[in-house]
Amino acid sequence: MLVVYHSQSGTVESLVKSIANALTDDNEIEVIVKRAVDCVADDVSDANLLLLAASENCGLMSGGIKEFLDRVYYPLMTKVEGMSYGLLISAGNDGSGAAREIGKYLDSLGMSKSVPPLILKGEFSPDTAKRADEFGLTLAAGLSVGMF
């Protein structure tokens, strides 16, 4: 599973670290975590499942995730068709705009949304970390049994 994230305030990064720790404890799935700025198209095409974690800015996806998607979009055409993905959005508003925008990119590549996006509002907390961990573990479980 490849986890790609962009974090400006640190909230998304904290959520991703929590998910990575939970998945490492599980030990059934190899987890690779990359900042969006460091991730290239081959990282995505080599993965079995993509978890994209982003913040919402002004009701839309963050610039760092947009830059990542713009950069890898054409190199991934025809390489990720059928790959499943999950979205985690850290939102100040309702998160739906960011989820919709990111989903359009990934859906147009032929990727498949494995589960509905997880939208977490507010700052990092034990509750948001727990919800993020459960989301990551759900994706990992689906991947390990061949659902995704």
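Here's what I pulled together on the structure shown here.

Here the focus is the pattern of salt bridges. Any two side chains of opposite charge can pair, on the condition that their charged atoms come close. Within the structure shown, the criterion is met by five salt bridges. One salt bridge in this structure joins D38 and R35, with 2.9 Å as the shortest N-O distance. What makes D38 partly exposed here is its relative accessible area of 43%. Given a relative accessible area of 43%, R35 falls into the partly exposed group.

This paragraph deals with the nonpolar core. Membership of the largest hydrophobic core comes to 30 residues, with the highest contact counts inside it found for V44, L50, L52, F68, L69, I102 and L106. Elements with a contribution of two residues or more to this core: β1 (2-5), α2 (41-45), β3 (49-57), α3 (63-76), β5 (84-91) and α4 (96-108). The element best represented in this core is α3, accounting for six residues. Apart from the residues within four sequence positions on either side, L52 is in contact with V4, I65, F68, L69, G86, L87, L88, I102 and L106. Within the second largest apolar cluster, 21 residues are counted, among which are V16, L23, A132 and A140.

Moving on: α3. Residues that lie three or four places apart on an α-helix share one face, since the helix turns once every 3.6 residues. A rise of 1.5 Å per residue sets the reference length of α3, with its 14 residues, at 20 Å; its end C-alpha atoms lie 20 Å apart and thus fit the reference within 8%. Looking at α3, one finds that the buried residues are G64, I65, F68, L69, V72, Y73 and L76. Next to the buried residues of α3 lie β1, α2, β3, β4 (60-61) and α4. Of the residues flanking the end of α3, it is T78, one or two places downstream, whose phi is positive at about 70°.

Next up on the list: the packing of aromatic side chains. Summed over the entire model, instances satisfying the criterion amount to two aromatic pairs. Between Y73 and Y74, the aromatic rings sit 5.1 Å apart at their centres with planes inclined by 90°, giving edge-to-face as the arrangement. Overall, the relative accessible area of 16% leaves Y73 in the buried class. With a relative accessible area of 65%, Y74 lands in the exposed category. An angle of 85° between the planes, with centres 6.1 Å apart, marks the rings of Y73 and Y105 as edge-to-face. In this pair, Y73 is assigned in helix α3 and Y105 in helix α4, connecting sequence segments 32 residues apart. For the pair Y73 and Y105, one class covers both residues: buried. Through pairs of rings, three or more aromatic residues link up here, namely Y73, Y74 and Y105.

For the rest of this paragraph, the subject is the packing of α3 against α4. Interaxial distance between α3 and α4 falls to 11 Å at its minimum, and their mutual angle equals 15°. On the basis of the axis angle, α3 is roughly parallel to α4. α3 and α4 meet at a crossing whose hand is left-handed. Between α3 and α4, the contacting residues are I65, K66, L69, D70 and Y73 on the first element and I102, Y105, L106 and S108 on the second. Residues belonging to the contact of α3 with α4 are distributed by class as follows: six nonpolar, one polar and two charged.

Here the focus is the side chain of D133. Along the chain, D133 falls in helix α5 (residues 126-144). With no salt bridge to any partner, buried D133 finds its closest opposite charge in K130, at an N-O distance of 9.4 Å. Of the polar contacts made by the side chain of D133, one reaches the backbone nitrogen of I19; its length is 3.3 Å. Residues within four places of D133 in sequence aside, it is in contact with S18, I19 and A22.

Calculation criteria
Each residue is numbered by its place in its chain's sequence as written, counting from 1. Given that this is a predicted model, residues contribute local features only at a pLDDT of at least 70 and side-chain atom pairs are listed and counted only at 80 or more, while totals for whole chains, interfaces and linings are drawn from all residues. Only heavy atoms go into the side-chain values, all of them from the structure, while hydrogens and water stay out. By definition here, a salt bridge exists when the distance from a side-chain nitrogen of Lys or Arg to a carboxyl oxygen of Asp or Glu is within 4 Å. Buried, partly exposed and exposed residues are distinguished by accessible area as a fraction of the type maximum, computed with a 1.4 Å probe on protein chains only: under 20%, between the cut-offs, and over 50%, respectively. As used here, the term nonpolar core means buried Ala, Val, Leu, Ile, Met, Phe, Trp, Tyr and Cys residues forming a set that is joined through side-chain atoms within 4.5 Å. Put simply, DSSP H or I for four residues or longer makes a helix, DSSP E for two residues or longer makes a strand, and each gets a number counted from the N terminus. We call two residues in contact when some of their heavy atoms are within 4.5 Å. Helix span is expected to be 1.5 Å times the residue number reduced by one. Any two of the Phe, Tyr and Trp rings considered here, Trp counted by its six-membered ring, make a pair once their centres fall within 6.5 Å; the pair's planes then place it as stacked at under 30 degrees, edge-to-face at over 60, or tilted in between. Between N-to-C directions, angles cover 0 to 180 degrees, with each direction set by a line fitted to C-alpha atoms, over the stretch in contact for helices. These descriptions rest on fixed angle ranges, namely under 35 degrees for roughly parallel, over 145 for roughly antiparallel, 65 to 115 for roughly perpendicular, and the rest for oblique. In this scheme, a crossing is called left-handed if the near helix is turned counterclockwise away from the far one by less than a right angle; it is called right-handed if the turn is clockwise. Note that Gly is not counted as nonpolar here; it falls among the polar residues with everything else outside the nonpolar set of Ala, Val, Leu, Ile, Met, Phe, Trp, Tyr, Cys and Pro and the charged set of Asp, Glu, Lys and Arg. Charge assignment in this entry is limited to Lys and Arg as positive and Asp and Glu as negative, and neither His nor the chain termini are counted. Pairing of N or O atoms within 3.5 Å defines a polar contact, subject to two protein rules: one partner must be a possible hydrogen donor and the other a possible acceptor, and residues neighboring in sequence count only if both atoms are side-chain atoms.

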